[in-house]
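# Chains, contacts and geometry: an overview
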Amino acid sequence: MDITKGGVTFVSVFLLSITFVSALHSDISSFEANILGEPEPVVSISVPDSVFFGDLEKGKRSDEIRINITNTGTVGVFITPQLVDTSEKIFNYTYFARRTTNPFERIGNFTFNITAPARGEVEKEFIYARLDLISFTGNINNDIPGHKADVRFFAVAM
């Protein structure tokens, strides 16, 4: 019997078994991800159900009321508050500002933006409103308790 031949066979079997064990403990990882496409553009906002300015008379101005608005869509939006009934006399004197230190602009002339929320989130913002009857030219002959007007916040994609 030739020792060289037997030694070679033993070494070959030994190396083959080490290779097999290495294959069981591989140094390769499988990476995986769910790749998502661009979200559908959705314009959607949430506004308060009502805003109350308190008691007010001709020649006076209400306090500034903070209005929270939430962008619940998938894109940034420009928002313009407008009276639903444009012939409404008193609430035509509603003014808005981004912050109380900014100039107030009359309803229908004020526009602001809210950036797009992160995917699966919402983006919150606030503005200020006041009812300013200092320059109101109409007549208010008697009390009008609970006087209301609807304001639509028109939102369009940025």
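Now for a look at the structure at hand. (Residues numbered from 1 in each chain as written. Predicted model: local features only at pLDDT ≥ 70, side-chain atom pairs only at ≥ 80, totals over all residues. Heavy atoms only, no water.)

### Some words on the overall build of the chain
Counting its regular elements, the chain contains one helix and eight strands. Across the 158 residues of the chain, 25% fall into the buried class. Pairs at least 24 apart in sequence give 82% of the contacts found in the chain among residues at least 6 apart. When the accessible area of the chain is evaluated, it comes to approximately 11700 Å², of which 53% is carbon and sulfur surface. (Helix = DSSP H or I, 4+ residues; strand = E, 2+ residues; numbered from the N terminus. Buried < 20%, exposed > 50% of the residue type's maximum accessible area, 1.4 Å probe, protein only. Contact = heavy atoms within 4.5 Å. Areas by Shrake-Rupley, 256 points an atom, 1.4 Å probe, with all protein chains shown as cover.)

### Regarding the environment of Arg66
Following the sequence through the fold, Arg66 ends up in strand E2 (residues 65-71). Spatially, the C-alpha atoms of Arg66 and Arg130 are 9.1 Å apart, while their sequence positions differ by 64 residues. In this structure Arg66 touches Phe126, Ile127 and Tyr128, once residues within four positions along its chain are discounted. Among the polar contacts made by the side chain of Arg66, one reaches the side chain of Asn68 at a distance of 3.0 Å. (Polar contact = N/O pair within 3.5 Å; in protein donor to acceptor, adjacent residues only side chain to side chain.)

### With respect to the sheet that holds E2
Strand order in the open sheet formed by five strands is E1-E2-E7-E4-E5, and the pairing between neighbours is antiparallel. Edge strands, defined here as strands with exactly one partner in the open sheet, are strand E1 (45-46) and strand E5 (105-106). Bridge analysis of strand E4 (residues 94-97) against strand E7 (residues 123-131) gives four bridges, and the strand direction is antiparallel. From the neighbouring strand, Phe96 faces E7, where its bridge partner is Ala129. (Pairing = 2+ DSSP bridges.)

### So, the pairing of strand E3 (residues 77-83)
Within E3, five of the seven residues are buried, which leaves it mostly tucked inside the rest of the structure. When E3 meets strand E6 (residues 112-114), the two strands line up antiparallel, connected through three bridges. Bridge pairing in E6 places Phe78 opposite Asn113. Of the strand pairs in this sheet, E3 and strand E8 (residues 151-157) are connected by seven bridges, and their pairing is antiparallel. Counterpart to Phe78 in the pairing with E8 is Val156.

### Here's the deal with the packing of aromatic side chains
Two descriptors summarise a pair of aromatic rings, namely the distance from one centre to the other and the angle between the planes of the rings. Counted under the stated rule, the structure contains six aromatic pairs. Both rings, one in Phe53 and one in Phe91, keep their centres 6.4 Å apart while their planes meet at 40°; by these two values the pair is tilted. Here Phe53, found in the loop between E1 and E2, pairs with Phe91, found in the loop between E3 and E4; they are 38 residues apart in sequence, far enough to count as distant. Taking 5.3 Å as the distance between ring centres and 80° as the angle between the ring planes, the aromatic pair formed by Tyr93 and Phe136 counts as edge-to-face. Here the residue Tyr93 occupies a position in the loop between E3 and E4, and Phe136 occupies one in the loop between E7 and E8, the gap between them amounting to 43 residues. On the basis of relative accessibility, which here comes to 11%, the residue Tyr93 falls in the buried class. Taking relative accessible area as the criterion, Phe136 reaches 7% and is therefore assigned buried. Connected via pairs of aromatic rings, a cluster forms that spans Phe96, Phe110, Phe112 and Phe153. Lying across the ring of Phe104, Arg130 places its NZ or CZ 3.9 Å from the centre. (Phe/Tyr/Trp six-rings, centres within 6.5 Å; stacked < 30°, edge-to-face > 60°. Lys NZ or Arg CZ within 6 Å of the ring centre and 35° of its normal.)

Purely geometric numbers; function is a separate question.
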